[in-house]
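Take a look at the letters that make up each chain.
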Amino acid sequence: VQLQASGGGLVQAGGSLRLPCAAAGRISSIFRMGWYRQAPGKQRELVAVITSLDSTNYGDSVRGRFTISRDNAKNTVYLQMNTLKPEDTGVYYCNAFILGATTPSREYWGQGTLVTVSS
């Protein structure tokens, strides 16, 4: 099982980006998918998470500006980021808790995608 994230880049403050992350491999169930981010010199923090029942949770700094959604048929989660601010700059990591077809449930991390918001 692998998580394949994309969609990062450079954007001006006030702009938008959409980050997709697809889970690939022999998967039985995906219980939770989400995004975390890490800014330079700071700890990794929760951005948003969505469960298999479509329950969502957001970090305080992004609530109202970011929206997480998932396409279960494609095993893909999307993070729509609007009204971006320079403090949203960082490496965004996709995260998921997955039961593999032949492996026990465990947490997976994607490779990270860089988001840079210029002022």
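Above this note sits the structure.
Chains are numbered independently. Their residues run from 1 in the order of the written sequence. Since the coordinates come from a predicted model, pLDDT governs what is reported: local features require at least 70, and pairs of side-chain atoms require 80 or more to be given and counted, while whole-chain, interface and lining totals use all residues. For side-chain calculations, the full set of non-hydrogen atoms in the structure is used, while hydrogens and water are omitted.

### A short note on the state of the cysteines
Heads up, the condition is: Here, a disulfide means two cysteine sulfur atoms that sit within 2.5 Å of each other. Only runs of H or I of at least four residues qualify as helices and only runs of E of at least two qualify as strands under DSSP, and these elements are numbered from the N terminus.
Within this structure, the stated rule accounts for one disulfide. Between the sulfur atoms of Cys21 and its disulfide mate Cys94 the distance is 2.0 Å. Residues Cys21 and Cys94 are joined by a disulfide whose S-S torsion is about -90°; by sign, that bridge is left-handed. You can see Cys21 sitting in strand S3 (residues 17-24) and its partner Cys94 sitting in strand S9 (residues 90-100), a full 73 residues away along the chain.

### With respect to the side chain of Thr113
Where we set the bar: For this analysis, a polar contact is any N or O atom pair within 3.5 Å, provided that within protein one partner can donate a hydrogen and the other can accept it, and provided that sequence-adjacent residues contribute only side-chain to side-chain pairs. Note on contacts: a residue pair qualifies if any of its non-hydrogen atoms lie within 4.5 Å across the two residues.
Secondary-structure assignment places Thr113 in strand S11 (residues 113-118). Of the polar contacts made by the side chain of Thr113, one reaches the backbone nitrogen of Gly8; its length is 3.2 Å. Once residues lying within four places of it in the same chain are set aside, the contact partners of Thr113 are Ser6, Gly7, Gly8, Leu19, Trp35, Gly90, Val91 and Tyr92.

### Quick notes on the environment of Tyr58
The line we're drawing: Between buried and exposed lies partly exposed: a residue is buried under 20% and exposed over 50% of the maximum accessible area for its type, with that area taken using a 1.4 Å probe on protein chains only.
If you trace the backbone, Tyr58 turns up in strand S6 (residues 56-58). Relative accessible area serves as the criterion here: at 15%, Tyr58 is assigned to the buried category. Remark: the alpha-carbon pair of Tyr58 and Ala73, spanning 15 residues in sequence, is separated by 23 Å. Setting aside residues up to four positions removed in sequence, Tyr58 forms contacts with Leu46, Val47, Ala48, Arg63, Phe66, Thr67 and Ile68. A distance of 2.9 Å separates the side chain of Tyr58 from the backbone nitrogen of Ile68, its partner in a polar contact.

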